[in-house]
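Inside the fold
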Protein chains: 2
Amino acid sequence: MENFKFANPVKIIFGKDTIKEIVKEIPQNQRVLIIYGGGSIKKNGVYDQVTQALQHHTWFEFSGIEPNPHYETCLKAVELINKEEIDFLLAVGGGSVIDATKFIAAAVDYGGDPWDFMTGKSKINGALPFGTVLTLPATGSEMNKGFVITKAATQEKLAGGSAHTYPKFSVLDPETTYSLPERQTANGIIDTFVHVTEQYLTFDNHALVQDYFAEGILKVLLEEAPKVMTKPTDYNVRANLMWASSWGLNDWIGQGVETDWATHMIGHELTAFYNIDHGQTLAIVLPGVMDVQRTDKKEKILRMGKNIFNITEGTENERIDKTITAVENFFQSLNVKTRLSDYNVDEVGIEKIVQRFKDRKWALGERGNVTYDVVKEILQRRR
Amino acid sequence: MENFKFANPVKIIFGKDTIKEIVKEIPQNQRVLIIYGGGSIKKNGVYDQVTQALQHHTWFEFSGIEPNPHYETCLKAVELINKEEIDFLLAVGGGSVIDATKFIAAAVDYGGDPWDFMTGKSKINGALPFGTVLTLPATGSEMNKGFVITKAATQEKLAGGSAHTYPKFSVLDPETTYSLPERQTANGIIDTFVHVTEQYLTFDNHALVQDYFAEGILKVLLEEAPKVMTKPTDYNVRANLMWASSWGLNDWIGQGVETDWATHMIGHELTAFYNIDHGQTLAIVLPGVMDVQRTDKKEKILRMGKNIFNITEGTENERIDKTITAVENFFQSLNVKTRLSDYNVDEVGIEKIVQRFKDRKWALGERGNVTYDVVKEILQRRR
């Protein structure tokens, strides 16, 4: 096991009818900005529950955070915050809304252009306090400090984060997810699945607690996914999927181990250029990463095959093949397509993405050996 | 899954050569009291590492915290703290030292008799800040708010805890555990094992993340225990056992599920009256609790049998028997005795303990049905 130093301070408020609890978490004298997306929270009753809970607070609202939230949109929220002297932010939605809220919270006090946080030009030295009400389990953003923001002007999608960008609290009411479209539920399950593999399919460094926890989360997804597809209003199934998604990326299973993130970084480019859903991009890329890195990741892919898919027969290469197929089959069982051709990304599209990795001189993966030419090989195997 | 509200704020500093990190965690101007036990930390170099790290701080020391720490001893530490105007406490040791430090931290500001915290007569409204350097993985105290204190005068062993009694940080250096006597290593493994079962062997309420995590911790113990008995200086084995012990009782696997604690409560009386090691008492009591509660706990015992011990053959009752035997065999494989007769506790001793549960009118367990007569049955099956 590697050394680590870590705390996760987020207070989780989990369960049925818990949105009303936010009134106990936000001091009465705070001026609150509710931040949300396209308005689904007005259809499923979440908006009403939130505003009811805040009826004795002074609150404002900012809507229109898009999927893959735009830097440009976030800047408008910062303006409103300064104008209305907001003290506390409340993100109500999925990962995009929560990510945007983190970026906004950090941007408020910063004198310069907050895109500096994304390029690494500047560090985050403070942020407005904020809480979240999660309605789409997927990104784990409700229980971590990270955020991913897209600059529409340049089609750049980059990640940031700071000790200042942890939510003070996150409300997870599984009933808010009953009305999710199947596509979003599936994307969320895939996102969680890949968060886990990014932290698990790396080195075999004998970090057994982390390995078993990672495998536990994957097992929950495999067990509950078929159920949620047929019965989307089963409380326990929704609860398990919601809780699994937070654990997929609350950073505990990634402590003491090396992490990968190549699948995410390649996927981000597919979203930036082609606007493919984040979950869909991961379903395309992960099998390619496993295939191309089958030697480096051998021990952990074999372990995954055995412990998750009960694959124990055949040569090592055969078992690795079977494991990759099992992963791809799982994604397809959620009615998610797993090939670039399914999304009309052709050879020219692959070149465009590869060029970006070449320009940035990135070397991804837990071994730092996923250079642009390896990215090219991964994408070509996923045509 | 049940509703819950929870945060665990403890910062973990994990790994080789990490004790020196405490200097970054305790402000330079704080007057520090180092609290420890019988002096093993002077033999294994931990005391030297701690005092070296604090060389630019003003620090004092208080030694002599006994296993099953005494209320009476803690009061002496409170006196010293008041006299020397201590700002920050540093527990260096195992669960007893950390538990004592929590109680001491809470007692310092309290006007009345701090035993009130244990009897529930008074609430903890504040505590001195403290950190820990863990040297004996077992109780999970380094990553939770709970403590157990014994009043020597009355042979009472009671549990307390408060949001104010979380460590600010805990240093977990697996190398500090290389020199532990086999008996303490074994006790720690059993303590962790039983912490997990107290949160896992209750209702089958479809909380799958919690179930898989609980099973993961148990698997780590079963895999690593034989290795540590033969090679106590294997870093990864010690690291896995240390990290597993924190997760056994950092309260995450107990969120959203009902918990038991009957084994611990009965075990505490065996310690209070007979001074049997805490881990040993659990090894005696748990098989009895599983046996007597085999109907209530059926689903979870069967699940444990299948997922932990690969027990799938036979009737339900036979599988339950096999699972209980497997648990008892595991404890015995650590050279820990599992019967009351091994410790010379006879029928009169059982009656003495049962009387105490009768007097307190306690009804233990996740179903609140472990009354004094059930305690009697449990203990009689463990003669």
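Definitions and cut-offs
Residues numbered from 1 in each chain as written. Chains lettered and ligands numbered in written order. Predicted model: local features only at pLDDT ≥ 70, side-chain atom pairs only at ≥ 80, totals over all residues. Heavy atoms only, no water. Helix = DSSP H or I, 4+ residues; strand = E, 2+ residues; numbered from the N terminus. Buried < 20%, exposed > 50% of the residue type's maximum accessible area, 1.4 Å probe, protein only. Phe/Tyr/Trp six-rings, centres within 6.5 Å; stacked < 30°, edge-to-face > 60°. Lys NZ or Arg CZ within 6 Å of the ring centre and 35° of its normal. Pairing = 2+ DSSP bridges. Contact = heavy atoms within 4.5 Å. Axes fitted to C-alpha atoms, helices over the stretch in contact; angles between N-to-C directions. Left-handed = near helix turned anticlockwise from the far one by under 90°. Nonpolar A, V, L, I, M, F, W, Y, C, P; charged D, E, K, R; others polar. Core = buried A, V, L, I, M, F, W, Y, C linked by side-chain atoms within 4.5 Å. Expected span 1.5 Å × (residues − 1). Least-squares fit on C-alpha atoms with pLDDT ≥ 70 in both. Parallel < 35°, antiparallel > 145°, perpendicular 65-115°, else oblique. Salt bridge = Lys/Arg side-chain N within 4 Å of Asp/Glu carboxyl O.

All right, on to unusual backbone geometry then. Residue and element names in this part refer to chain A. A positive phi angle, near 55 degrees, is found at Gln155, a position not held by glycine. Looking at the element boundaries, Gln155 is found in the loop between β6 (146-151) and β7 (156-161). Classification of Gln155 as partly exposed rests on a relative accessible area of 36%. Backbone geometry places Asp251, a non-glycine residue, at a positive phi of 80 degrees. With respect to the element layout, Asp251 can be found in the loop between α9 (235-248) and α10 (262-274).

This structure, assessed with the given rule, holds 40 aromatic pairs over all chains. Between the aromatic rings of Trp247(A) and Trp252(B), the centroid separation amounts to 5.4 Å while the plane-to-plane angle is 85 degrees, which identifies the pairing as edge-to-face. Taken together, the positions of Trp247(A) in helix α9 and Trp252(B) in the loop between α9 (235-248) and α10 (262-274) put the pair across two chains. In this structure Trp247(A) comes out as buried when scored by relative accessible area, which is 1%. The class for Trp252(B) is buried, based on a relative accessible area of 3%. Their ring planes at 45 degrees and their centres at 6.2 Å tell us that Phe330(A) and Phe331(A) sit as a pair that is tilted. Given a relative accessible area of 6%, Phe330(A) falls into the buried group. The ring of Tyr212(B) has Arg303(B) lying over it, and the distance from NZ or CZ to the ring centre is 4.9 Å. Sitting over the ring of Trp362(B), Arg360(B) keeps its end group 4.6 Å from the ring centre.

This part covers the pairing of β7(A). All names here are of chain A. In the sheet, β6 pairs with β7 via 6 bridges, with the strands oriented antiparallel. Bridge pairing in β7 links Lys151 to Glu156. Counted between consecutive antiparallel strands, the loop separating β6 from β7 contains 4 residues, among which Gln155 sits at a positive phi close to 55 degrees.

All names here are of chain B. As for its position among the elements, Glu347 is in helix α14 (residues 347-360). Glu347 sits in the partly exposed class, given a relative accessible area of 31%. If near-sequence neighbours (up to four positions away) are discounted, Glu347 is found in contact with Gln380 and Arg383.

Residue and element names in this part refer to chain B. As a packed pair, helix α8 (residues 208-230) and α9 sit with axes 9 Å apart at the nearest point and diverge in direction by 145 degrees. Handedness of the α8/α9 crossing: left-handed. Across the interface between the two elements, Ile217, Val220, Leu221, Glu224, Lys227 and Val228 of α8 pack against Asn236, Val237, Arg238, Asn240, Leu241, Ala244, Trp247 and Gly248 of α9. When grouped by side-chain class, the residues that make up the contact of α8 with α9 number 8 nonpolar, 3 polar and 3 charged.

Core analysis: the largest hydrophobic core is formed by 220 residues, its most contacted members being Ile104(A), Trp243(A), Ile104(B), Phe193(B) and Trp243(B). In this structure Phe193(B) touches Leu218(B), Leu221(B), Leu286(B), Met304(B), Phe309(B), Val327(B), Phe330(B) and Phe331(B), once residues within four positions along its chain are discounted.

Residue and element names in this part refer to chain A. Residue position: Glu328 is located in helix α13 (residues 316-333). According to the relative accessible area criterion, Glu328 is buried, its value standing at 11%. Those residues within four positions of Glu328 in sequence are excluded, and the remaining contacts are Pro287, Thr338, Arg339 and Arg382.

All names here are of chain B. By the element assignment, Phe273 lies in helix α10. Along the chain, Phe273 and Glu215 lie 58 residues apart, while their C-alpha atoms are 33 Å from each other. Setting aside anything within four residues of it in sequence, one finds Phe273 in contact with Gln155, Lys352, Ile353 and Arg356.

Attention now moves to α13(A). Residues separated by three or four positions in an α-helix point in the same direction, a consequence of the helix having 3.6 residues per turn. All names here are of chain A. The first and last C-alpha atoms of α13 sit 25 Å apart over 18 residues, in line with the 26 Å expected at 1.5 Å per residue. Restricting attention to buried positions, one finds in α13 the residues Ile320, Thr323, Ile324, Ala326, Val327, Glu328, Phe330 and Phe331. Lining the buried residues of α13 we find α7 (182-200), α8 (208-230), α11 (278-292) and α12 (298-309). Positive phi shows up at Asn335, right after α13, with a value of about 65 degrees.

Here we come to the relation of the copies chain B and chain A. Rotating chain B by 180 degrees and translating it 0.0 Å along the rotation axis places it on chain A, where the RMSD comes to 0.0 Å. Both copies are brought into coincidence by an operation consistent with a two-fold rotation axis. No C-alpha of chain B approaches the rotation axis more nearly than that of Pro9(B), which lies at 2.4 Å. Most of the interface of chain B is mirrored in chain A: 100% of its interface residues are interface residues there too.

Time to look at the packing of α7(A) against α13(A). Residue and element names in this part refer to chain A. At their nearest, the axes of α7 and α13 sit 10 Å apart, and the two run at 155 degrees to each other. On the basis of the axis angle, α7 is roughly antiparallel to α13. For the element pair α7 and α13, the recorded crossing hand is right-handed. Contacts between α7 and α13 involve Ile189, Ile190, Phe193 and Val194 on the former and, on the latter, Val327, Phe330 and Phe331. Considered class by class, the residues forming the contact of α7 with α13 number 7 nonpolar, no polar and no charged.

Pairing between side chains of opposite charge can happen when their charged atoms approach one another. This structure, assessed with the given rule, holds 52 salt bridges over all chains. Residue Arg31(B) pairs with Glu84(B) through a salt bridge whose shortest N-O separation is 3.8 Å. With Arg31(B) in strand β2 (residues 31-35) and Glu84(B) in helix α4 (residues 71-84), this pair connects stretches of sequence that are 53 residues apart. Judged by relative accessible area, Arg31(B) falls into the partly exposed class, the value being 28%. Given a relative accessible area of 19%, Glu84(B) falls into the buried group. Members of the salt-bridge network, linked through shared partners, are Lys5(A), Lys11(B), Glu21(B), Lys24(B) and Glu25(B).

Residue and element names in this part refer to chain A. As for its placement among the helices and strands, Ala77 is situated in helix α4 (residues 71-84). Distance from Ala77 to Lys376, taken between C-alpha atoms, is 38 Å for residues 299 residues apart in sequence. The residues contacting Ala77, other than those within four sequence positions of it, are Phe62 and Ile104.

It is worth spelling out the sheet that holds strand β3 (residues 58-62) of chain A at this point. If you walk across this open sheet you meet the 12 strands as β3(A)-β2(A)-β4(A)-β5(A)-β8(A)-β1(A)-β1(B)-β8(B)-β5(B)-β4(B)-β2(B)-β3(B), and the pairing is mixed. Across the chains shown, the open sheet's two edge strands, defined by having one partner strand only, are β3 of chain A together with β3 (58-62) of chain B. Adjacent strand axes in the sheet meet at a mean angle of 25 degrees when their direction is disregarded. Summarising the sheet, strand β5 (residues 130-134) of chain B and strand β8 (residues 169-172) of chain B pair through 4 bridges and their orientation is parallel. Bridging from a neighbouring strand, Val133(B) pairs with Val171(B) of β8(B). Lying over the sheet, helix α5 (residues 95-108) of chain A contacts β2 (31-35), β4 (88-93) and β5 (130-134) of chain A, oriented at roughly 165 degrees with respect to β4(A).

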